Amino acid sequence: MSLILALDFGGTKLAAATVNIGAREWLSYERRLSPANADANTDLEIMRSLIHSVLQDSKPTAIGVSFGGPVDATTGCVLLSHHVAGWENLPLKQLLEAEFGVPAYVDNDANVAALGEHHFGAGQGYDSLFYITISTGVGGGWILNHQPWRGSGGMAGEIGHIVVDPNGPVCLCGKRGCVERLASGPYMAQNARELLASDRTRGKILQNLVEDNLELLTGQLISQAAAAGDDLAQEIIQKSAWALGVGIGNVANLVNPQLFILGGSVTKAGNRWWEIVRQLARETALPEVEFQILPAALGDDAPLWGAVALTQVNGQ
C-alpha cells in the first residue's frame, strides 16, 4: 500500500503521522511542543526526530505538509512564520524532496485544514466552505466548487486581518481592531493581563488560577475561568466571539459559502462563545444569506488530515 507522511508545523506545536492511502486511522502519530525560543532550525530538527519516529524503516510515497504561516503553494516555499524566526523564504518542499527522495506538497495550515475537513471531516458533501482556525492566530482556507481557492497571490482567507473595530487595539500587522487581535488565544491573554494590571478587583477566579502571576495567563485558562463564572474572563470571551462573528457575517455576505467550519484551541471556549459567534454572524449577514457554522470534526488533527488530502489533490 502507498504510505503518506503528513507533517504539521504549527505556531506552538509540531506533529508527524503516517497513513495508508484510503485508510482513516493513523499508522503512527507523534507530536511535540515547539520550544518558546525556537527558530526554523530548531523546528526542523524536532520534526526530523518525529519523522524518524513515525517512519521507522519505511519509506513514504509522498509527503504532505501543513505550515503555520504564508506559503507559496506553487513552489512549496515558506514565505515567513509570524510566530517562529528564521523561516523567511525557506524552500521547504525542495528541502524535504532532497532529503527523502519523494514528492512533497506544502501549503498554509488553514488551506490544508480546509482540505482535510472537506475530504474527511465536517465538510464532506459540501461544494463550498470556509475553514477558520482560531488559536495562536486566526486564519482561513477556502474550498469553492470542491477545489482549494487561494487567491491570485495565495493570500485568500485572511479573515484574521479583517478590521471589525477601527478604534480597537493595535494588531501585529499594524492595523487596529483586527479579528485576530481580539479573538486569538495569545491576544485574549494579553487583553486579560492589561485589564488586570489596571484593576485587580476584577477577575478573581482568573487571578487564583495563575496564583496572581499574570505572565501565566493563557487563552485556555481564560476559557476555564469564564466557565467558572469569572466576570473579566467572560468579558474577554464575549469580545473574542463578537469579533469572529462579525468577521464571519461579512465573509458570508461577500462570498456566500454554504458552510463555515471552525477549528483551533479557542473553539473549546465553551457554549457561550459558540452562541455569540453564531448570533453575531447571523446579525451581520443579510437575512437572505444562508449558511451553517459547525465545529471542525477532525479537531486538532485537521491540518494533518489535510496534509494527506494535499497529496491526493496533487495526483497521488
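Residues numbered from 1 in each chain as written. Predicted model: local features only at pLDDT ≥ 70, side-chain atom pairs only at ≥ 80, totals over all residues. Heavy atoms only, no water.

- Under an unreviewed UniProt entry, the name given to the protein chain is ROK family protein, and the source organism is Calothrix parietina FACHB-288.

### Here's the deal with the overall build of the protein chain
Working step 1: Looking only at helices and strands, the protein chain has 10 helices and 12 strands in total.
Working step 2: Compactness check: the protein chain gives a C-alpha radius of gyration of 19 Å against a globular reference of 20 Å for 316 residues, within 12% of the reference.
Working step 3: Seen along its three principal axes, the alpha-carbon backbone of the protein chain occupies a region of about 60 × 50 × 35 Å.
Working step 4: Considering the protein chain as a whole, with its 316 residues, one finds that 54% of them fall into the buried category.
Working step 5: Within the protein chain, contacts between residues separated by at least 24 positions form 61% of all contacts whose residues are at least 6 apart in sequence.
Working step 6: When the accessible surface of the protein chain is totalled, it reaches about 13,700 Å², and 50% of it is carbon and sulfur.
Working step 7: When the 20 positive and 32 negative side-chain charges of the protein chain are each reduced to one mean point, those points stand 2 Å apart. (Helix = DSSP H or I, 4+ residues; strand = E, 2+ residues; numbered from the N terminus. Rg over C-alpha atoms; globule rule 2.2 N^0.38 Å. Buried < 20%, exposed > 50% of the residue type's maximum accessible area, 1.4 Å probe, protein only. Contact = heavy atoms within 4.5 Å. Areas by Shrake-Rupley, 256 points an atom, 1.4 Å probe, with all protein chains shown as cover. Lys, Arg positive; Asp, Glu negative; His and termini not counted. Charge placed at Lys NZ, Arg CZ, Asp CG, Glu CD.)

### Brief notes about the sheet that holds strand E8 (residues 128–134)
Working step 1: Pairing in this open sheet of 5 strands is mixed, and the strands run E10-E9-E8-E11-E12 from one edge to the other. Because the sheet does not close on itself, it has two edges, and the strands there are strand E10 (147–149) and strand E12 (292–295). Strand-to-strand twist in this sheet, taken as the mean axis angle between neighbours without regard to direction, amounts to 25°.
Working step 2: Across 3 bridges, strand E9 (residues 138–144) lies against E10 in antiparallel orientation. Bridging from a neighbouring strand, leucine 144 pairs with glutamine 147 of E10.
Working step 3: Each of E8, strand E11 (259–263) and E12 is contacted by helix H9 (residues 271–284), which is oriented at about 160° to E12, the strand it contacts most. (Pairing = 2+ DSSP bridges. Axes fitted to C-alpha atoms, helices over the stretch in contact; angles between N-to-C directions.)

### Quick word on the packing of aromatic side chains
Working step 1: Applying the stated criterion across every chain, the model contains 10 aromatic pairs.
Working step 2: With a centroid separation of 4.0 Å and 20° between ring planes, the pair formed by tryptophan 26 and tryptophan 305 is classed as stacked. Linking tryptophan 26 in the loop between strand E2 (13–20) and strand E3 (28–33) with tryptophan 305 in helix H10 (residues 302–313), this pair joins segments that are 279 residues apart in sequence. You'll find tryptophan 26 and tryptophan 305 in the same group, each marked buried.
Working step 3: Each member of the aromatic cluster is reached from another via a ring pair, and the members are Trp26, Tyr29, Phe120 and Trp305.
Working step 4: The lysine or arginine in question, lysine 239, covers the ring of tryptophan 242, its NZ or CZ lying 4.5 Å from the ring centre. (Phe/Tyr/Trp six-rings, centres within 6.5 Å; stacked < 30°, edge-to-face > 60°. Lys NZ or Arg CZ within 6 Å of the ring centre and 35° of its normal.)

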